[in-house]
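Structural features, examined
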Amino acid sequence: MTESTANIGFEETLWKAADKLRGSMDASEYKHVVLGLIFLKYISDKFEMKFNALVAEGEGFEEEIDEYLAENIFWVPKEARWSHIRDNAKSEKIGQIIDDAMILIEKDNETLKNVLEKRYARPEIDKRRLGELVDLVSTIKLYTNEEKDLLGRVYEYFLGKFAEAEGKGGGEFYTPSGVVKTLVSMIEPFKGRVYDPCCGSGGMFVQSEKFVAENQGRLADLAIYGQELNATTWKICKMNLAIRGLAGDIGPHHDDTFHNDLHKNLKADFVLANPPFNISDWGGEQLTEDVRWAYGVPPKGNANYAWLEHMIYHLSPRGVAGVVLANGSLSTSTSNEGEIRKNLLESDLVDCIVAMPDRLFYSVSIPVSLWILNRNKKGNAKQRSRENEILFLDARHLGDMIDRRHRELKPEDIKKIAGTYHQWRDKDGEYEDIKGFCKSAALDEVKANDYILTPGRYVGIEEEKDDGIPFDEKMDQLTGELTELFAQSHKLEDEIKKNLRGIGYGI
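To keep things clear, this report deals only with the structure shown in the data block. (Residues numbered from 1 in each chain as written. Predicted model: local features only at pLDDT ≥ 70, side-chain atom pairs only at ≥ 80, totals over all residues. Heavy atoms only, no water.)

**A look at the side chain of Glu106**
Along the chain, Glu106 falls in helix α5 (residues 94-108). In terms of polar contacts, Glu106 uses its side chain to reach the backbone amide nitrogen of Val115, at 3.1 Å. A polar atom in the side chain of Glu106 sits 2.8 Å from the backbone nitrogen of Leu116. Excluding residues that lie within four positions of it along the chain, Glu106 makes contacts with Leu112, Lys113, Asn114, Val115, Leu116 and Lys118. (Helix = DSSP H or I, 4+ residues; strand = E, 2+ residues; numbered from the N terminus. Polar contact = N/O pair within 3.5 Å; in protein donor to acceptor, adjacent residues only side chain to side chain. Contact = heavy atoms within 4.5 Å.)

**Brief notes about the packing of aromatic side chains**
Under the definition given, this model contains 14 aromatic pairs. Plain terms: the ring middles of Phe47 and Phe51 are 5.9 Å apart, the flat faces sit at 35 degrees to each other, and that makes the pair tilted. One end of the pair, Phe47, and the other, Phe51, are both in helix α2 (residues 27-57), four residues apart, so they sit about a helical turn from each other. In terms of burial, Phe47 and Phe51 fall into one category: buried. Each residue in the set Phe47, Phe51, Tyr68 and Trp75 is aromatic and connected to the rest through ring pairs, giving one cluster. If you follow Arg81 out to its NZ or CZ, it ends over the ring of Trp75, 5.6 Å from the centre. Positioned above the aromatic ring of Trp424, the side-chain terminus of Arg384 is 5.3 Å from the ring centre. (Phe/Tyr/Trp six-rings, centres within 6.5 Å; stacked < 30°, edge-to-face > 60°. Buried < 20%, exposed > 50% of the residue type's maximum accessible area, 1.4 Å probe, protein only. Lys NZ or Arg CZ within 6 Å of the ring centre and 35° of its normal.)

**A short note on a nonpolar patch on the surface**
A surface patch of nonpolar side chains, about 330 Å² in accessible area, is lined by Phe471, Met475 and Leu478. Of note, Phe471 is situated in helix α16 (residues 471-502). Here Phe471 falls in the exposed class, since its relative accessible area comes to 61%. (Patch = residues over 30% accessible without salt bridge, like charges linked within 9 Å, V, L, I, M, F, W, Y side chains within 5 Å. Areas by Shrake-Rupley, 256 points an atom, 1.4 Å probe, with all protein chains shown as cover. Salt bridge = Lys/Arg side-chain N within 4 Å of Asp/Glu carboxyl O.)

**With respect to unusual backbone geometry**
Even without a glycine there, the phi angle at Glu188 is positive, about 50 degrees. With respect to the helices and strands, Glu188 occurs in the loop between α8 (177-187) and β1 (192-196). For Ser335, which is not a glycine, the phi torsion comes out positive at approximately 50 degrees. Topologically, Ser335 is positioned in the loop between β4 (315-326) and α12 (337-346).

**With respect to α5**
Spanning 15 residues, α5 covers 21 Å between terminal C-alpha atoms, matching the ideal 21 Å at 1.5 Å per step. What α5 keeps buried is the set Ile94, Gly95, Ile97, Ile98, Asp99, Ala101, Met102, Ile105 and Glu106. (Expected span 1.5 Å × (residues − 1).)

**Remarks on the sheet that holds strand β10 (residues 438-442)**
Spatial strand order, β2-β1-β3-β4-β6-β5-β7-β10: eight strands in an open sheet with mixed pairing. Edge positions in the sheet fall to β2 (222-226) and β10, since each of these pairs with one other strand and no more. This sheet shows a mean twist of 15 degrees between the axes of neighbouring strands, independent of strand direction. Sheet analysis places strand β5 (residues 350-355) next to strand β7 (residues 389-394), joined by four bridges and oriented parallel. The partner of Ala355 across the bridge, within β7, is Asp394. (Pairing = 2+ DSSP bridges. Axes fitted to C-alpha atoms, helices over the stretch in contact; angles between N-to-C directions.)

**Observations concerning the pairing of strand β3 (residues 268-273)**
Counting buried positions along β3 yields six of six residues, so the element is predominantly enclosed. Here β1 pairs with β3 via two bridges, running parallel. Counted as the bridge partner of Tyr195 is Val271 from β3. Relative to β4, β3 is paired through five bridges, and the arrangement is parallel. Of the residues in β4, the one forming a bridge with Ala273 is Val323. Where the polypeptide runs from β3 across helix α11 (residues 304-313) and back to β4, its parallel neighbour, the crossover connection is right-handed. (Right-handed = clockwise from strand over helix to strand, strands pointing away.)

Here it is, written out as structure tokens:
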């Protein structure tokens, strides 16, 4: 393992080493072991930097807890500091030492109460492997000259790799970064309140923070709100935000967004969300009179439209939302969903629909689309009025397969999608319809299509470029290839018949 921690591919090397130490443990369990250690290393490194600065000042304040809390640095007691953990990496009691460290940190830092993993001493964890993992995490530095956010980078990379390792049935805590980047690039959450009602491990918030940083904004101008149903995912999100230095409000505990909305009075400027697809047991029958269903009561057998209405309810009058939904929601007309979609369109809330390529997700293989919802399509000074207009983008052909099962969007793909939306949206934009890719449609056209929002229905089929080969020449080539295929087919048929006769089943 190289000492330098800023080179490209470092995360992958680190991941392979960490994964080797996993042994027989499930990825879903090992995830908490590794991410918990990375987090412990992060807060200890940050503490140590301040500790050394105070020592250098020579005033004797280095063991004063208030010196740290005043700067939003977690206080780390002596027995919880990484140097102590590292020095005991080879001890058979390393599991208990880490558990004790986590307990001590939680005790002195109210915001981390019930957040940290404290099950390192359990017999299922091989203590030799755990010690080696501690050694591995010890090689990650908080900062280098070239890289200012190395631990955050590693944490994010590992989240993605764990989602991949868990595959179908797992990985719901993670939205692929290409999808998150596309949404963030489209709605540009630069300043204001950002809300994710099903925030998972907090990927939407992390990407929003990056967007602000890349555009020279002030992080303090972004206020983060979220909620998460899964208890362990909620903890990962808390750690993910802390490791990025983000002070988000994701509630005092995990909870059900539909049945106990922790941000009842919130009106957000931006909503970014990837709700779980097609949830059938969300308890809708208990919420039929809910104030959030302004556009119709969502069906009790599918929560897709309940999510949409929940998010619209929380949008401010200038608010814009970017949401990932299963493609079925674009065209379904059962159980009142078609009526709700019609009401959203007639209320001019739908700004843009993007059909995404398949195989982008680790946990599901169904095709998805992005919905951009906007409460202010005609009153934004920087944008042209899009009253009763909807932009359709068919991006199904974008992205590259990175292995047999997964596809990834390239930066230029994300730029193409977001750029097209901005050209259409902005006052000085130079938008043009492109057959097979994008189409600006009037509400009347959508109405004529029974309010179905499938982009392929509007953008049409891309015109094929003339390759200059004469028709007769092409037909000769095609018929030649077909003759060859027929010959191979007959040969194969004869082989099968021969083999069947060999075992007494002549045909």
